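Read off the chains here:
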Amino acid sequence: MTQVKGFCLYSKFIFRRERITSLIWTMSIILFNTVVAAAFMQLFPDDVSMRQMVETLSMPAMQAIVGPIYGPSVNMLYASEHVAMVFAQEMLVFMMLASVIMNIFLINRHTRADEELGRIEMIRSLPAGRLTVSVSALVFAFGLNIFISVLTALAMLLINIAGTTVAGAFIYSFAIGAVGFLFACITLLTAQVFQNARSASAWAFALLGIFYGVRAYADMSGEIIFNYISPLGLGLHVHAFHANRIMPLIILFIQGLILAFISLVICAKRDLGEGVIPAKKGRRNASVFLKSPLGLAWRLSKGSVIAWVITMLALGATYGAVIGDIGGFVETNEMFNQLIVGGDEELAALLEYLAENPEAAEAFAEEANKKMADNFIAFIYLITALLATVPVITISGKINAEEKRGRLEGIFARSVSRPAMFCSYLLIAIVGGALFMICGALGIYAGTASSGLAEAGDLISASLTYIPSLLVMTGINVLLIGLAPKIKALIWAVFAYSFITVYFGKLLDLPEILPKMTPYGVIPQYTDIVSRNIDIKSIIILTAISAVLTVSGVLAFMRRDIKQ
Amino acid sequence: MKVIEIKELVKKFGRFTALDGVNLNLDGGEVLAFMGPNGAGKTTTIRALLGIIRATSGSVEMFGEDAWANAVKLHRRISFVPGDVNLWSNLTGGEVIDLFMAMRKGGKPDRKRREEYIQRFELDPSKKCRTYSKGNRQKVALVSAFASDADLFILDEPTSGLDPLMENIFHDCIREQKKDGKSVLLSSHIMSEVEKLADKIIIIREGKIVESGVMSEILEKFNGRTLEEFFLSKYNKNGGGDKNDAG
Ligand SMILES: Nc1ncnc2c1ncn2[C@@H]1O[C@H](COP(=O)(O)OP(=O)(O)O)[C@@H](O)[C@H]1O
Ligand SMILES: [Mg+2]
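From a predicted model like this one, the values you see are computed outputs, not experimental measurements.

Caption draft 1: Fine view of the overall build of chain A. What chain A contains, in helices and strands, is 27 helices and 0 strands. Here the C-alpha atoms of chain A give a radius of gyration of 26 Å, agreeing with the 24 Å that 2.2 N^0.38 yields for 564 residues. Taken over 564 residues, chain A has a buried fraction of 45%. Expressed as a percentage of contacts within chain A between residues at least 6 apart in sequence, the contacts between residues at least 24 apart total 77%.

Below you can see the structure in the form of C-alpha cells.
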C-alpha cells in the first residue's frame, strides 16, 4: 500500500491538470463519431446504395484499410436496417486510432515526460509511493476510456441510426475504450523502458503502426490468426451490431492488466530517471556539420523528416494498391464516382457509352480504366501535397518555436546571422517538402507496379509540380513569423481553407473558384501532365509570389526583436 | 541519534562509478554543508537519500531506517528542495504549493505558515508556473519546504536562482529551523553561505569524500587562509586530499 501512498490526492491533481486537454479529446472523439454516424443515416436512403457501399468495403484493399467485413453472407441481403453495422465496419478502426493516440499522449505526459523534467522527483521526495504517479495516471486513463465509451454509446443510442441495438452500441464503444486502454498500458511500459519521453512515445506509435500493418495483412489475406496478435485486429473482431462479441474486449483488458503489472514491477524497482535501456553515450564532439546553422537545423528536424518520409511512402503505397480496383469503386460508390468522374465530361460520356454498349467493353474498358486511374491519382496528389505541407510548415516555423523556448537568444548571441539561421530551416523545409512528394510518388509507383496504370516519369514530374504550392505556404509562414509572430497560427487557417476546399470541393460540389484560390488548385494536375498539357505560367507565378513573401518575411525577421 | 547515516555507499551507473564508498553523517540539530565540484556526486548522494535511486552497495539510513525500503514513511519527516525546480506550466504557484503540502500531511495544510512564507519570499502564488523565472520556481519549492513541519531539510543548491535579498531571507529561514532543533543537509557552492550557516562541512570529489569536519576546527586548522583557498585546494585534482596541504 505504501507503494501508492498519496494516490487519491495525486489523482485529483491529474484530474485538475487534465480538465481541459482530456475534455477536448473526449468531446472531439464523441463528436466526430456522432457526426459521421448522423451522416451515415443520410448516405443510404435505400438498400441499393447500401449494397454498393458493402461491395466497396469488401474489396481486399478496402478491408486492409478499415477492417473485416461481416454480416449477411451475400451482399444482396444487406438492407437499410444494417446501417449501424456498416457504420461500425467503416468507422471503428478510425475511432480506435483516435483513442489510442489520446492514450499514448496522456500516459506519456504524466509518466516519462514528467520524470524527464524532474517533476516526479519533487513528488517522490514527499511521502508518496514509488507507484503513485504511474498508478494514478493509469487509473485516470482507465476512467477516461470508460467515460468516453459510455458517452459514445449513449450518443449512438440517442441518434439511433437504423440497426442500432443497445448491445451493439456498447460493444462498439467499449472496443474504442478497450484498445485505448491497452495502449495506455503499452505506453506505461515504453515509459519504463526508455529514458526519454520522445523515445517512449515514438515506440508506442511505432507499435501502433506495426499492429495496424499486421491487422491490415490479416484482413486482406484472410489469415485471421494475425488478427489475434494485433490489438486493433482484436478490437475489430467484436463485430459490432452483428455478433457483438465481448470476448475480444476481455482479452484486451487482461492483456492491458498484464502489461500494466509488468510496467509497475519495473517502476518499483528501477532508479528514478533511468530506463531499462540506458541512454546511449552521446558524441564527445559535435561533428563539423552540426557546428553550422544548417547542421543545427538539420539535427532539430531530422526526426520529423524521417517520420514523414516513411509516412508518405506508406500512404502512397496504400493508395497505389487501391488504384487497381478503381473501376469497381467508381461503379459501386457514389462518393468515388463524384470524386473521379465528376467534372470530367469526356470520361462520363465514355462510361455511359460503355454501360449502354456492353459489346464495346473490350475496346474501351481499358481506356476508361486508365482515365479513371489518372483522375484518382490526380486526387491522391492533392492529398499528398496537403499532407506534405504539414511538416513543411512546422519545419519552416521551427525558428519561431525555438524562439519561444528561449533557445534562439543563445544562437544569435554568437556570430550567426539571422537570415543564415532562418534560411537553414527554410532549406530543410523545402528540400524536405520535395522529398516527401517524391516519396509519395514512389509509394504510388510501388502500389501500381502490378496494375501498370502509371509511369514513373509522370508520377515524379507530377509530384514535383506541387513544390511551388509548398513554397507559397512556406512564404506565408515566413512572412507571418517575420512580421506578426503573434498571429502566426493564421497559417493553419490558410491550410485548413485549402484542405477543405480542395479535399471536399468535388464531393460537396463547391464552386470551382474556391479551390482555385489556394496554392494547390492552380497547379497543373497529374492529368495535365499525362496529357502533356502543362501550364507553366502558374508555376512561374506561384514561385515568384513565394519568393516575394519569403524575402519580405526574412527581412522583417531581421529587423524585429527576438522574444526572450 | 543520527539523522543521516551513510556507510560505504557505492553507486554505479552501468560501468561508471558515480559514488565510490561515501560515508556521511548528520547529527540532530546540525547544519551540514555538502560541497564538491560539479559532477562530484552530491546530487547522486542526495537521490540515494531520497530513496529514488538504489545503492549499488553500502547502507543509506535516515532516522535509523533504510532510505530505500522506508522511503514513504521517512519522507513525512523531510523536506527536499532541488537545484533545478520544474513545475507544471499550466498550474499556479499556489496550487503547486498546496499539492506539495497536502501530499506531505495528507490532511489540511497549515495555511498560516503557508501565507507567512509566501509573504517572506515575496512570491505571487496566483501566477501560472510557466510565467515564473528560475528564482520564482525555486521560491515555490522553498515555501512548500519551509511551510511544512519537517525534521530534516535536504537542500540541493537551493539558492542557485535567488537574488541576494532572497538569499538572506533563505539564510534566516535556515537559522530559525536550526534554532527549532531541525537538521539541514545543504549542498552549496556559495562560500559565504556555507561560512554563515554550516556547523560541519563535508567535501566530495569524484565520488569520494576527501574532507569532513567541524567548521570552526577547519577554519582554525587552516589559519591564515581563506575558506575559498581551502576549498580550491580540495577541489583541485592535485591538491585534494593531501593533508600536507594544510601547511
Ligand atoms: N543517471 C545517471 N546515469 C549516468 N551517470 C550519471 C547519472 N546521474 C549522475 N551521473 C554521473 O554521476 C556523476 C555525479 O553526478 P552528480 O551527483 O549530479 O554531481 P553533482 O555533484 O554536480 O551534483 C556525474 O559524472 C554524472 O554525470
Ligand atoms: Mg548537483
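Caption draft 2: The overall build of chain B, seen in detail. If you tally the helices and strands in chain B, you get 9 helices and 10 strands. In terms of overall size, chain B behaves like a compact globule, its C-alpha atoms giving a radius of gyration of 18 Å where 247 residues would be expected to give roughly 18 Å. Here the C-alpha coordinates of chain B stretch approximately 55 × 40 × 35 Å along the principal axes. Within chain B, buried positions represent 43% of all 247 residues. Within chain B, contacts between residues at least 6 apart in sequence are counted, and of these 67% link residues at least 24 apart.

Caption draft 3: Representation of the sheet that holds strand β7 (residues 152-156) of chain B. Residues and elements named next belong to chain B. Taken in spatial order, the 6 strands line up as β6-β7-β8-β3-β9-β10 in an open sheet, and their pairing is mixed. The outermost strands of the open sheet, each flanked by one partner alone, are β6 (78-81) and β10 (208-214). With strand direction ignored, the average angle separating the axes of adjacent strands in the sheet is 15 degrees. Sheet analysis places β7 next to strand β8 (residues 183-187), joined by 5 bridges and oriented parallel. Each residue of the ladder has a partner; that of I154, found in β8, is L185.

Caption draft 4: Quick peek at the site of ligand 1. Taken together, 13 residues form the shell around ligand 1, and within it F13, A18, K42, T43 and T44 of chain B come nearest. With respect to ligand 1, its neighbouring residues span chains A and B. Listed by contribution, the elements that provide at least two residues to the shell around ligand 1 are β2 (16-27) and α1 (42-49) of chain B. For the shell around ligand 1, the leading source of residues is α1 of chain B, giving 3 residues. Class assignment of the residues belonging to the shell around ligand 1 gives a composition of 4 nonpolar, 7 polar and 2 charged.

Caption draft 5: Local environment of the environment of V494 of chain A. All names here are of chain A. Assignment of secondary structure puts V494 in helix α24 (residues 490-504). The class of V494 is partly exposed, set by 18 C-beta atoms lying within 10 Å. Placed 451 residues apart in sequence, V494 and L43 show a C-alpha to C-alpha distance of 30 Å.

Caption draft 6: Geometry of the domain arrangement of chain A. As assigned here, chain A comprises domain 1 (11-269) and domain 2 (293-559). Centre-to-centre separation of domain 1 of chain A and domain 2 of chain A, based on C-alpha positions: 30 Å.

Caption draft 7: Seen up close, the domain arrangement of chain B. All names here are of chain B. Taken domain by domain, chain B holds domain 1 (2-77 + 150-246) and domain 2 (90-149). Relative to domain 2, the C-alpha centre of domain 1 lies at a distance of 25 Å. Per element, the largest residue contribution to the side of domain 1 that touches domain 2 is 4 residues, and it comes from helix α6 (residues 164-179). Looking at side-chain class alone, the side of domain 1 that touches domain 2 contains 8 nonpolar, 1 polar and 2 charged residues.

Caption draft 8: Structural context of the nonpolar core. In this structure, L92, A175 and V179 of chain A together with L32, V143 and L186 of chain B are the most contacted members of the largest nonpolar core, which totals 223 residues. Among the elements that take part in this core, helix α9 (residues 166-193) of chain A stands out by supplying 18 residues, more than any other. If sequence neighbours within four positions are ignored, V179 of chain A has contacts with M96, S99, V100, P231, L232, G235 and L252 of chain A.

Caption draft 9: Molecular detail of the packing of α9 of chain A against helix α13 (residues 247-269) of chain A. Residue and element names in this part refer to chain A. Closest axis-to-axis distance for the α9/α13 pair is 8 Å, and the angle between their directions is 20 degrees. When the axes of α9 and α13 are compared, the pair comes out roughly parallel. In this structure, the crossing between α9 and α13 has a hand that is left-handed. Here F174, A175, A178, V179, F181, L182, C185, I186, L188, L189 and Q192 of α9 come into contact with α13, specifically with L249, L252, F253, Q255, G256, L259, A260, I262, S263, I266 and C267. In the contact of α9 with α13, the residues fall into 18 nonpolar, 4 polar and no charged.

Caption draft 10: Structural view of the pairing of β2 of chain B. Residues and elements named next belong to chain B. For strand β1 (residues 2-13) and β2, the ladder comprises 9 bridges, and the chain directions are antiparallel. If you follow K11 over to β2, its bridge partner there is L19. Counted along the chain from β1 to the antiparallel partner β2, the turn is 2 residues long, and its residue G14 has a positive phi close to 65 degrees.

Caption draft 11: View of the interface of chain B and chain A. With 19 residues of chain B in contact, the opposing surface of chain A contributes 21 residues. Listing elements by their share of the side of chain B that touches chain A, those giving two or more residues are α2 (71-75) and α3 (93-105) of chain B. Looking at the side of chain B that touches chain A element by element, the count peaks at 5 residues for α3 of chain B. Residues belonging to the side of chain B that touches chain A are distributed by class as follows: 12 nonpolar, 3 polar and 4 charged.

Caption draft 12: A look at the pairing of β8 of chain B. Residues and elements named next belong to chain B. Across the 5 residues that make up β8, a large majority, 5, are buried. Inspection of the sheet shows strand β3 (residues 31-35) paired to β8 by 4 bridges, in the parallel sense. From the neighbouring strand, V31 faces β8, where its bridge partner is V184. Handedness of the crossover joining β7 and β8 through α6: right-handed.

Caption draft 13: Local environment of unusual backbone geometry. All names here are of chain A. A positive phi is found at H239, a non-glycine position, where the angle reads about 50 degrees. Given 22 C-beta atoms within 10 Å, H239 falls into the buried group. Positive phi is not limited to glycine here, since R532 has a value of about 55 degrees. Here R532 lies in the loop between α26 (526-530) and α27 (536-559). The class for R532 is exposed, based on 7 C-beta atoms found within 10 Å.

Caption draft 14: Here's a closer look at helix α2 (residues 21-43) of chain A. Its 23 residues place the ends of α2 of chain A 33 Å apart at the C-alpha level, agreeing with the 33 Å of an ideal helix rising 1.5 Å per residue. Within α2 of chain A the residues assigned to the buried category are S22, W25, I29, I30, N33 and A37 of chain A.

Rules used throughout
Residues numbered from 1 in each chain as written. Chains lettered and ligands numbered in written order. Predicted model: local features only at pLDDT ≥ 70, side-chain atom pairs only at ≥ 80, totals over all residues. Helix = DSSP H or I, 4+ residues; strand = E, 2+ residues; numbered from the N terminus. Rg over C-alpha atoms; globule rule 2.2 N^0.38 Å. Buried ≥ 20, exposed ≤ 12 C-beta atoms within 10 Å, placed from the backbone. Contact = placed C-beta atoms within 7 Å. Pairing = 2+ DSSP bridges. Axes fitted to C-alpha atoms, helices over the stretch in contact; angles between N-to-C directions. Near = placed C-beta within 6 Å. Nonpolar A, V, L, I, M, F, W, Y, C, P; charged D, E, K, R; others polar. Domains from an automatic or database assignment. Core = buried A, V, L, I, M, F, W, Y, C linked by C-beta atoms within 7 Å. Parallel < 35°, antiparallel > 145°, perpendicular 65-115°, else oblique. Left-handed = near helix turned anticlockwise from the far one by under 90°. Right-handed = clockwise from strand over helix to strand, strands pointing away. Expected span 1.5 Å × (residues − 1).

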